[in-house]
Amino acid sequence: MTQFYGILFPNLILMFLSIALIKTLYSNNLIDKSTRNTLTLFSVLVPIGGLITTVLKCRKMINHLARVKDMN
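Residues numbered from 1 in each chain as written. Predicted model: local features only at pLDDT ≥ 70, side-chain atom pairs only at ≥ 80, totals over all residues. Heavy atoms only, no water.

1. Quick word on the packing of aromatic side chains
Going by this rule: Pairing of aromatic rings covers Phe, Tyr and Trp, the last counted by its six-membered ring, and requires centre-to-centre distances within 6.5 Å; plane angles under 30 degrees mean stacked, over 60 mean edge-to-face, and any other angle means tilted. Charge over a ring is defined by NZ of Lys or CZ of Arg lying within 6 Å of the ring centre and within 35 degrees of the ring normal.
Inspection of every chain in the model, using the stated rule, returns zero aromatic pairs. Positioned over the ring face of Y26 is R36, at 4.4 Å from the centre of the ring.

2. Let's talk about a nonpolar patch on the surface
Just so we agree on the cut-off: Here the term patch refers to residues with relative accessible area over 30% and no salt bridge, with like charges joined within 9 Å and nonpolar side chains (Val, Leu, Ile, Met, Phe, Trp, Tyr) within 5 Å. Where accessible areas are quoted, they stem from the Shrake-Rupley method and a 1.4 Å probe; at the residue level, only the protein chains shown are allowed to cover. Within this document, salt bridges are pairs made up of a side-chain nitrogen of Lys or Arg and a carboxyl oxygen of Asp or Glu, the two lying within 4 Å of each other. Strands here are runs of E lasting at least two residues and helices are runs of H or I lasting at least four, both read from the DSSP assignment and numbered beginning at the N terminus. For each residue, the accessible area found with a 1.4 Å probe, counting protein chains only, is set against the maximum for its type, and the residue is called buried under 20%, exposed over 50%, and partly exposed in between.
The grouping of Y5, F9, L12, I13, L14, F16 and L17 at the surface amounts to a nonpolar patch, some 730 Å² of accessible area in total. Within the secondary structure layout, Y5 lies in helix α1 (residues 2-27). Y5 gets classed as partly exposed once you look at its relative accessible area, which sits at 37%.

3. Comments concerning unusual backbone geometry
One non-glycine residue with positive phi stands out, namely N29, at about 60 degrees. Take N29: it is sitting in the loop between α1 and α2 (33-71).

4. Observations regarding α2
What counts, and what does not: Expected span of a helix, by definition, is 1.5 Å for each gap between consecutive residues, and there is one gap fewer than residues.
In a regular helix each residue adds 1.5 Å, so 39 residues correspond to 57 Å; α2 covers 57 Å between its end C-alpha atoms and thus fits that length. Along α2, the residues classified as buried are S43, P47, L51, T54 and C58.

What follows is the structure in structure tokens.
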């Protein structure tokens, strides 16, 4: 579970920082609205995908350890 929280908090921090950067770029007219929306969506979906991958990996590892324990 520690690994999950070790990945959760940096992902959330990076997500908020990237959204703040996107807002700054848009307010300085360096990117247009469609690019801003795409980057914002990408900034939210990538960390969520990382969390889902981590949860599935941890589940797989826990199931494997339970099977190994049952074998002994």
